[in-house]
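Per-entry structural report
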Amino acid sequence: MGNRQLLSFIIILILFCACSNQQSDFGIEKDVIVSGIITNYDINNSPQTIELFRRDFFDLDETNIEYINEDGTFKFKLPISYIQGSYLKYGRLIPILCIPGDSLNIKIENVIPKDEHPFKFIKFSDNKMGKASWLINKFQSEIPNENYIYEHGNDAEKELSHEEYETYIKKREDEYRTFLKKFNKENQTNELFDRWVNDKLKYESWKDLMRYRWTHLYFNKLDRDSLFLPENYFAFLGDYDMNDKDLFSIVHADFLHEFDMYSHQYPIDSMKKVKEHFKIKDYTNAFNTRLNMTKLNSTGFTRDLFISQLYHLTLKGKKLEKFEEIYDSTLIKEPYFNNVIQQEHKKLKDYMSNQNTGNANLLSVESSILKGLLDTISQKYRDNVVYIDFWAPWCSPCMNEMPYSNDIQEYFKNDKVVFLFLANRCKADAWKATIANKNLQGEHILLTDDQFNVLAGLLGINGIPHYTLIDKKGNIVLKNAPRPSDKDKLITEIKRQMNK
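Everything numeric in this text was worked out from a predicted model, so none of it was measured.

The rules behind these values
- Residues numbered from 1 in each chain as written.
- Predicted model: local features only at pLDDT ≥ 70, side-chain atom pairs only at ≥ 80, totals over all residues.
- Heavy atoms only, no water.
- Buried < 20%, exposed > 50% of the residue type's maximum accessible area, 1.4 Å probe, protein only.
- Helix = DSSP H or I, 4+ residues; strand = E, 2+ residues; numbered from the N terminus.
- Arc of directions from axis to C-beta.
- Contact = heavy atoms within 4.5 Å.
- Core = buried A, V, L, I, M, F, W, Y, C linked by side-chain atoms within 4.5 Å.
- Salt bridge = Lys/Arg side-chain N within 4 Å of Asp/Glu carboxyl O.

Looking only at helix 15 (residues 449-459), the buried set comprises Gln451, Phe452, Leu455, Ala456 and Leu459. Each buried residue of helix 15 sits inside an arc of 135 degrees when the element is viewed along its axis, so together they form one side. Turning to helix 15, the residues buried within the fold contact helix 12 (373-378), strand 10 (385-391), strand 11 (417-423), strand 12 (443-446), strand 13 (466-470) and strand 14 (476-478). Positive backbone phi, at 70 degrees, marks Gly460, one or two positions downstream of helix 15.

Attention shifts here to the nonpolar core. A general tendency of soluble globular proteins is for nonpolar side chains to be buried together. Residues Phe57 and Ile108 are the most contacted members of the largest nonpolar core, which totals 91 residues. Ranked by residue count, the leading element in this core is helix 5 (residues 191-220), at 10 residues. Those residues in contact with Ile108 that sit more than four places away from it in its chain are Ile37, Ile38, Thr39, Ile50, Phe74, Tyr90, Ile94, Phe121 and Ile122.

Going from Tyr266 to Pro267, the amide bond is cis rather than trans, its omega being -10 degrees. Along the polypeptide, Pro267 turns up in the loop between helix 6 (250-262) and helix 7 (270-279). A cis amide bond, omega 5 degrees, links Ile464 with the succeeding residue Pro465. Structurally, Pro465 is set in the loop between helix 15 and strand 13. For Asp269, which is not glycine, the phi dihedral falls at a positive 70 degrees.

The next point concerns the side chain of Lys200. Within the fold, Lys200 resides in helix 5. Excluding its chain neighbours within four sequence positions, the residues that come into contact with Lys200 are Gln140, Ser249 and Val251.

Time to look at the pattern of salt bridges. A complete count under the given rule lists 24 salt bridges for this structure. Residues Asp31 and Lys77 are paired through a salt bridge, measuring 3.9 Å at the closest nitrogen-oxygen approach. With Asp31 in strand 1 (residues 30-39) and Lys77 in strand 4 (residues 73-80), this residue pair connects regions lying 46 residues apart in the sequence. Among the ionic pairs, Glu410 bridges to Lys413, the shortest N-O distance being 2.9 Å. We classify Glu410 as partly exposed; its relative accessible area is 47%. Given the relative accessible area of 54%, Lys413 is considered exposed. Overlapping salt bridges, with partners in common, bring together Arg172, Lys207 and Asp208 in one network.

In structure tokens form, the structure reads like this:
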């Protein structure tokens, strides 16, 4: 083998190994550490928590919250399985790039003026993750974005025809890419930044083009069938690589969500059939119909992701038996996704096996009681103010309110105030397991579907969570009472009824 051939062979081998390492890194869970200090921190007059916001494959939004120490220091440590764009939130949003197995140390000035970009008031550690995050922040602070801020974007979605909107998006991306060339010349960028910025610019355009099909209707209050988009409008999807694992930017995850929603229209009337199956609680046929849509409209990594999301939704809904009936690991080729699903399955089995409801008081109401149902329930609590919480174990917003509810219950623990939790649209084992695992207190009743419908009609419930306040005589005071997270307002309303 000649020197030139040998050199070519070595280069090819290096490139192959680099590509192999890049592929093998995906799905390997490692901790990322994000720590730092708020300079000139005043614990009495400053926020006491800091947030780390990111997108997860299965839970669209995930927010981690940490307390800030008296000296202004904080630290996040969490496992991640791929490089992903995230945000720190301390008054303002600070974009960062989280890398499995890496760390970031950041200094943030305590007060960042509202009319200034945070980039001027933060310092990043001089390592791989710090350099990438510094470049991202510098790019975001300098990009000519005045014509494309959210308000203008909403106006464009509302007012422009689809041809005009395509032109608007293309012009925006062209301007951004022209700026990127200038930015690359003026700064010592690196491979991580290049991958992030190209991921962002491409998928931001595609995501917004996909959103237009429903946002234009929403902003103009039009019917679903009133907008026709020709096939060539979606021509950009021909450039989408369904095996692209580089979910570096949050907008990439947004695009995947939009693409999944878009694929719901094929085959025609499939989603209508899914909804009909769900209506009669035929979850198996609902899942199989939805699965068939995913198989027809996606391939490779994207198909694996969408199928995994379907399984994850079943687990999230606490439908253990149904999951065990429908799960087929051979449908998913990406090992990482199967590992996640199997871990979540084990967690749910352990979760459902815990039926020790502790100090919660579980009650029952005859399923035949519909007329005068609220009077029947509240009769037991006469001479008490009753705060009713309509919830379900599968409802994330409901569960997010529970810690605040615990605080309110503790506040009124010595008063004649009853916290009544009316669960609905869930099975008894999931209901009890949630009460047990979340250590919920108070009075609990599991309603039938008919009973919930009766109360929904009476109280104007359009969705859960929903809260209602009953006075000491059993009268409805507030059909739509403040949430537990609106602590001050809720305490004021309860006290008003106590003092009557």
